[in-house]
Amino acid sequence: MEPSLEAVVGALRARGLRMTSQRRAIVAEVLVAEGHISPTSVYERVRAKLPGVNASTVYRTLDVLEEAGVLSQAQLPSGVEYHRAAEGDHAHLVCRRCGAGDVLPAEPLVELIRRERGFEADLTHFAIWGLCAGCRRPRGR
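Residues numbered from 1 in each chain as written. Predicted model: local features only at pLDDT ≥ 70, side-chain atom pairs only at ≥ 80, totals over all residues. Heavy atoms only, no water.

Engineer: Could you give me a rundown of the pairing of strand 3 (residues 90-95), with the residues and numbers involved?
Structural biologist: Where a strand is regular, its side chains alternate between the two sheet faces. Among the six residues that make up strand 3, five are buried, leaving the element largely enclosed by the rest of the structure. Summarising the sheet, strand 3 and strand 4 (residues 101-105) pair through five bridges and their orientation is antiparallel. Bridge pairing links L93 to D102 in strand 4. The sheet contact formed by strand 3 and strand 5 (residues 127-130) spans four bridges and is parallel. Across the sheet, V94 pairs through a bridge with W129, a residue of strand 5. (Buried < 20%, exposed > 50% of the residue type's maximum accessible area, 1.4 Å probe, protein only. Helix = DSSP H or I, 4+ residues; strand = E, 2+ residues; numbered from the N terminus. Pairing = 2+ DSSP bridges.)

In structure tokens, the structure reads:
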């Protein structure tokens, strides 16, 4: 279940953050975003509504939202991106040659690692690099 704006604001206040209009706008933007969202995108969207917003406030607020369990971060070829934690853990498959990407649910990988190694993996910040099916095909076919 997705947290409400007020629930997230309350959690941030409990961590000692003042809830300025800028922080509130950042949280609101994150909660309505679909899929992955970059810090730059959040900054641009919030700046369109609040021209005085500072980029460092966006970055710090995204970090706190991750610490609070509202967001998960992934390091993708395009840079750091976030998605709401409620959207589920997943791994990113990224082709080194063409840059194509795909998403893989993390649970089967977590279970395999747990079963084979007894290790509890955290795959919330996870990208698997390799070659996609199209790039693996021999050239000239």
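Now, onward.
Engineer: Outline the packing of helix 2 (residues 21-32) against helix 3 (residues 39-49), listing residues and values.
Structural biologist: Running from N to C, helix 2 and helix 3 cross one another at 125°; their axes reach a closest spacing of 10 Å. Comparing the axis directions of helix 2 and helix 3 gives the class oblique. The crossing of helix 2 and helix 3 is right-handed. The residues of helix 3 that touch helix 2, namely those facing A25, I26, E29 and V30, are V42, R45, V46 and K49. Residues that form the contact of helix 2 with helix 3 fall into these classes: five nonpolar, no polar and three charged. (Axes fitted to C-alpha atoms, helices over the stretch in contact; angles between N-to-C directions. Parallel < 35°, antiparallel > 145°, perpendicular 65-115°, else oblique. Left-handed = near helix turned anticlockwise from the far one by under 90°. Contact = heavy atoms within 4.5 Å. Nonpolar A, V, L, I, M, F, W, Y, C, P; charged D, E, K, R; others polar.)

Engineer: Run through the nonpolar core, naming residues and quoting values.
Structural biologist: With 21 residues, the main nonpolar core has V42 and L65 as its most contacted residues. Looking at this core, the elements with two or more residues in it are helix 1 (5-14), helix 2, helix 3 and helix 4 (55-67). Beyond its immediate chain neighbours, meaning those up to four positions away, L65 contacts V8, L12, V27, V30, V70 and L71. (Core = buried A, V, L, I, M, F, W, Y, C linked by side-chain atoms within 4.5 Å.)

Engineer: Give me the lowdown on the pattern of salt bridges, citing residues and values where you can.
Structural biologist: Counted under the stated rule, the structure contains seven salt bridges. In this structure, the salt-bridge partner of E6 is R24, at a minimum N-O distance of 2.2 Å. Taken as a pair, E6 in helix 1 and R24 in helix 2 lie far apart in primary sequence, 18 residues in all. Note on R24: relative accessible area 29%, which makes it partly exposed. We note a salt bridge from E29 to K49, for which the minimum N-O separation is 3.0 Å. Of this pair, E29 sits in helix 2 while K49 sits in helix 3, and the two are 20 residues apart along the sequence. (Salt bridge = Lys/Arg side-chain N within 4 Å of Asp/Glu carboxyl O.)

Engineer: So what about the sheet that holds strand 4? Which residues, and what values?
Structural biologist: Each strand in a sheet pairs with another by means of backbone hydrogen bonds, the pair being arranged parallel or else antiparallel. Taken together, the three strands give an open sheet; going across it, the order is 4-3-5, and neighbouring strands pair in mixed fashion. Lying at the two open borders of the sheet, with one neighbouring strand each, are strand 4 and strand 5. For this sheet, the mean inter-axis angle between neighbouring strands, taken without regard to orientation, is 25°.

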